[in-house]
Amino acid sequence: MNDDAPQAQDPHGQHPHGQHPHGQESHGQESQNTNDGSPSRRSVLRTTAGVVGAASAGLGLGALGSGTATAAETTAEAADTGHLSVPARKGATMAGVRFDRRSTVRVGIVGLGNRGGSMIDLFLAVEGVRVVAVCDPVKDKAERAAAKVTAAGQPAPAVYTKGEHDYANLCARGDIDFVYVATPWDFHFEMAKTAMLHGKHVGVECPVALRLEQLWELVDLSERTRRHCMQLENCCYGRNEMRVLRMAHAGLFGDLLHGAGAYNHDLRGLMFDPGYYEGPWRRLWHTRLRGDLYPNHGFGPVANYMDVNRGDRAVSITSVGSPALGLAAYRKEHMPAGDRSWKETYIESDRTISLVQTAKGRVIRLEHDVSTPHPYSRINSLGGTKGVFEDYPERIYLEPDHTDDTWADFSAYADWDHWLWKKYADPPGGHGGMDYMLVFRLMQCMRLGLAPDFDVYDAATWTAPVPLSHLSIKAKGAPQQIPDFTRGEWKKARPGMDSTEPEE
């Protein structure tokens, strides 16, 4: 989800991800150019073959940014060797583990660009939350964020701006309960790891990591440190998503059979904007992997409908991908000769389609397309033995309510809204209010000592399609096993997103 593009509206009156300050695509890291137009040191660090920041974070993708399909495929394949094995548990499960109750949640924010710079407003808007520290290598961004904190009537936060690793000093503070990470993807794993090793709960924008062994390491660290590591998937808190969730759990769809989710969003203009993605790091991922780079927005909500990790499990994924033509075609039409993008070779499929099979035999279709013309859509569909819901535009058909094979008005089911949307019908913030719902509910769980709505096992499951879809496409659609990150805990029913309103 991302950015500061013009404020186009989706059919629900929500700002499409990528068209409102959401920035886990920009996350405080727009490109920094020198006055003469040449890339700065920070841009060079992000685009050289070694990708210094990523390498120091232990990513191990040695050829990132090389722009060659062979190098990208080789490193991705090496990164995922042995993905069928399930390592032994090194600590007790974190499923259902409650936060320690506290009157005030003390927050540190890492990454203050488009996403972090806007999300700080929502942390400041929630009662019982104090922003203690902020971090970004770009000093102006950190200072603007600090000014927001004092303008909200809170004490001035500590400011960390001394290079791309100063976040470790923020994590080491003794007065922080929760670290929020909104940086480029390359840094997510190492920052989440560092936060937990310093005894902090951590929430990370999508994707939480990029390799299977990294996902396993985050699971192990969460269990060993007894700290939650969460993929902050705000689409799970969309009004439609939460309404469908409650209807599904109440049996209105009958026995669930299939679902679909996507991130189909034309980002070509933003990816070639020299002032938007630093490096530009987002476009460079299209030179590295062929699979679904951003599955979480579609996968998370449907996984919740089907109680994945809470009675069902995602077992395997089969992926196919179209040719990678869209970015090259856009570059040919819009970018001048000599632009550094002409050195790049794009391998990411313009349209990736994946089928996820669950232990109960259900099917989840995932799509990803950010490099061709397409109206914004997350698909957001659910079907069962009694009917189906489809989004973009929203419509529903359920028996026995409907009998004429004609789509019906989904607004007629407003009584099924989640209690969050009934209590806060007009929330502040971006993406139609789902950002605020995510922050409010997470902070509420921490204040009241509740278990989070989703945990490290969900983070790992929702992100696993990134490396596995790449491998499946390389293998001409051969199924890839999705690890059981819960190590068997998925067989036990437990609460998730479909919560009841707690007593404050």
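Below is a short write-up of the structure. Worth saying up front: this structure is predicted, and the values here are computed from it rather than measured. (Residues numbered from 1 in each chain as written. Predicted model: local features only at pLDDT ≥ 70, side-chain atom pairs only at ≥ 80, totals over all residues. Heavy atoms only, no water.)

### Notes on the overall build of the chain
As a reminder, the rule being used: The way it works is that DSSP assigns letters per residue, a run of H or I at least four long becomes a helix, a run of E at least two long becomes a strand, and they are numbered from the N terminus. Contacts are assigned to residue pairs with any non-hydrogen atoms lying within 4.5 Å of each other.
Within the chain one finds 17 helices and 14 strands. Taking contacts inside the chain between residues at least 6 apart in sequence as the whole, the part at least 24 apart equals 75%.

### Looking at the packing of helix 4 (residues 114–125) against helix 5 (residues 139–151)
Rule in force here: All axes here are fitted lines through C-alpha atoms, helices being fitted over the stretch that makes contact, and every angle between N-to-C directions spans 0 to 180 degrees. Working rule for angles: under 35 degrees goes down as roughly parallel, over 145 as roughly antiparallel, 65 to 115 as roughly perpendicular, anything else as oblique. For a crossing to be left-handed, the near helix must be turned anticlockwise from the far one by less than a right angle; the clockwise case is right-handed. Classification convention: Asp, Glu, Lys, Arg as charged; Ala, Val, Leu, Ile, Met, Phe, Trp, Tyr, Cys, Pro as nonpolar; all other residues, Gly among them, as polar.
The interhelical angle for the contact between helix 4 and helix 5, taken along N-to-C directions, is 15°, at an axis separation of 10 Å. It follows that helix 4 is roughly parallel to helix 5 by the angle criterion. At the point where helix 4 passes helix 5, the crossing takes the right-handed sense. Contacts between helix 4 and helix 5 pair Gly117, Ile120, Asp121 and Leu124 from the former with Ala145, Lys148 and Val149 from the latter. Here the residues of the contact of helix 4 with helix 5 are counted per class, giving four nonpolar, one polar and two charged.

### Side note on helix 15 (residues 434–448)
For clarity, the threshold we go by: A helix is expected to reach a length of 1.5 Å times the quantity of its residues less one. Throughout, exposure labels follow a simple rule: accessible area from a 1.4 Å probe, protein chains only, divided by the maximum for the residue type, with under 20% read as buried, over 50% as exposed, and the rest as partly exposed.
For helix 15, built from 15 residues, the straight-helix expectation of 21 Å at 1.5 Å per residue is met to within 8% by its first-to-last C-alpha distance of 21 Å. Of all the 15 residues making up helix 15, 15 are buried; the element is thus mostly covered by neighbouring parts of the structure. Positioned one or two residues after helix 15, Gly449 has a phi angle of 75°, which is positive.

### Digging into the nonpolar core
Under the convention used in this document: The term nonpolar core refers to a set of buried residues drawn from Ala, Val, Leu, Ile, Met, Phe, Trp, Tyr and Cys, joined through side-chain atoms within 4.5 Å.
Counting residues in hydrophobic clusters, the biggest one holds 107 residues, and the most contacted among them are Phe123, Phe178, Tyr237, Phe253 and Met443. With 11 residues, the single largest contributor to this core is helix 15. Aside from chain neighbours lying at most four places away, what touches Phe253 is Val244, Met247, Ala248, Leu382, Gly384, Thr385, Lys386, Gly387, Val388, Phe389, Ile396 and Leu398. Cys206, Tyr276, Tyr277 and Tyr294 belong to the second largest nonpolar core, which has 23 residues in total.

### Focus: the packing of aromatic side chains
Definition in use: Between 30 and 60 degrees the pair is tilted, below 30 it is stacked and above 60 it is edge-to-face, where a pair is any two Phe, Tyr or Trp rings, Trp via its six-membered ring, whose centres lie within 6.5 Å.
Counting across every chain of the model gives 19 aromatic pairs. Relative to Phe485, the ring of Trp216 has its centre 4.9 Å away and its plane inclined at 50°; by these criteria the two rings are tilted. In this pair, Trp216 sits in helix 8 (residues 212–225) while Phe485 sits in the segment after strand 14 (480–481), placing the two residues 269 residues apart along the sequence. Trp216 sits in the buried class, given a relative accessible area of 8%. Between Tyr424 and Tyr436 the ring centres are 6.2 Å apart and the planes differ by 70°, which places this aromatic pair in the edge-to-face class. Of this pair, Tyr424 sits in the loop between helix 14 (419–423) and helix 15 while Tyr436 sits in helix 15, and the two are 12 residues apart along the sequence.

### Focus on the sheet that holds strand 1 (residues 105–110)
Applied cut-off: A pair of strands is treated as paired once DSSP finds two or more bridges between them.
Spatially, six strands are ordered 3-2-1-4-5-6 in an open sheet, and the strand pairing comes out parallel. Every interior strand has two partners, whereas the edge strands, strand 3 (158–160) and strand 6 (229–231), have only one. In this sheet, adjacent strand axes meet at a mean angle of 25° when their direction is disregarded. Taken together, the three bridges between strand 2 (residues 129–135) and strand 3 define a ladder with parallel strand orientation. Counted as the bridge partner of Cys135 is Tyr160 from strand 3.

### Some points on the pattern of salt bridges
Spelled out, the test is: When a carboxyl oxygen of Asp or Glu is within 4 Å of a side-chain nitrogen of Lys or Arg, the pair counts as a salt bridge.
Applying the stated criterion across every chain, the model contains 31 salt bridges. Linking Glu223 and Arg487 is a salt bridge whose minimum nitrogen-to-oxygen distance equals 3.1 Å. Placement of the pair is Glu223 in helix 8 and Arg487 in the segment after strand 14, with a sequence separation of 264 residues. No difference in accessibility class separates Glu223 from Arg487, as the two residues are buried. Notably, a salt bridge pairs Glu241 with Arg378, separated by 2.8 Å at the nearest N-O pair.

### Topic: the environment of Ser319
To keep it simple, the criterion reads: Polar contacts, as used here, are pairs of N or O atoms within 3.5 Å; protein pairs need one atom able to donate a hydrogen and one able to accept it. Residues neighboring in sequence count only if both atoms are side-chain atoms.
Inspection of the secondary structure puts Ser319 in strand 8 (residues 314–321). By relative accessible area, Ser319 is classed as buried at 1%. Considering only alpha carbons, one finds Ser319 and Ala478, 159 residues apart in sequence, at a separation of 7.6 Å. Once residues lying within four places of it in the same chain are set aside, the contact partners of Ser319 are Ile353, Ser354, Ser469, Ser472, Ile473 and Gly477. Within the structure, Ser319 has its side chain in polar contact with the side chain of Ser354 (distance 2.7 Å).

### Examining the side chain of Glu241
As for its placement among the helices and strands, Glu241 is situated in helix 9 (residues 239–249). Engagement of the side chain of Glu241 in a polar contact is seen with the side chain of Arg378, the distance being 2.8 Å. The contact partners of Glu241, leaving out residues within four places of it in the chain, are Cys235, Cys236, Pro301, Tyr305, Arg378 and Asn380.

### Considerations on the sheet that holds strand 12 (residues 387–390)
The eight strands are arranged 13-12-11-7-10-9-8-14 in an open sheet whose pairing can be described as mixed. The strands lining the two open edges of the sheet, one partner per strand, are strand 13 (395–398) and strand 14. Of the pairings in the sheet, the one linking strand 11 (residues 381–384) to strand 12 comprises three bridges and is antiparallel in character. Paired with Gly383 across the bridge in strand 12 is Val388. Set on the sheet, helix 12 (residues 296–305) makes contact with strand 7 (256–264), strand 8, strand 9 (352–358), strand 10 (363–369) and strand 11; between it and strand 7 the angle comes to about 160°.

### As for the environment of His470
Note that His470 resides in helix 17 (residues 465–474). For His470, a relative accessible area of 0% translates into the label buried.

### Notes on the pairing of strand 10
Summarising burial for strand 10: five of the seven residues are buried, a large majority. Both strand 7 and strand 10 contribute to a ladder of seven bridges, which runs parallel. Of the residues in strand 10, the one forming a bridge with His258 is Val363. Note: strand 9 against strand 10, six bridges, orientation antiparallel. By the bridge assignment for strand 10, Ser354 is matched with Leu366. Counted along the chain from strand 9 to the antiparallel partner strand 10, the turn is four residues long, and its residue Gly361 has a positive phi close to 85°.

### Quick notes on the environment of Tyr457
In this structure, Tyr457 sits in helix 16 (residues 456–463). Separated by 228 residues in the primary sequence, Tyr457 and Cys229 place their C-alpha atoms 8.8 Å from one another. Beyond its immediate stretch of four places on either side in the chain, Tyr457 contacts Arg89, Thr93, Met94, Ala95, Val219, Glu223, Asn309, Phe485, Thr486 and Arg494. A polar contact of 3.2 Å, which involves the side chain of Tyr457, links it to the side chain of Thr93.

Coordinates in, geometry out; function isn't part of it.
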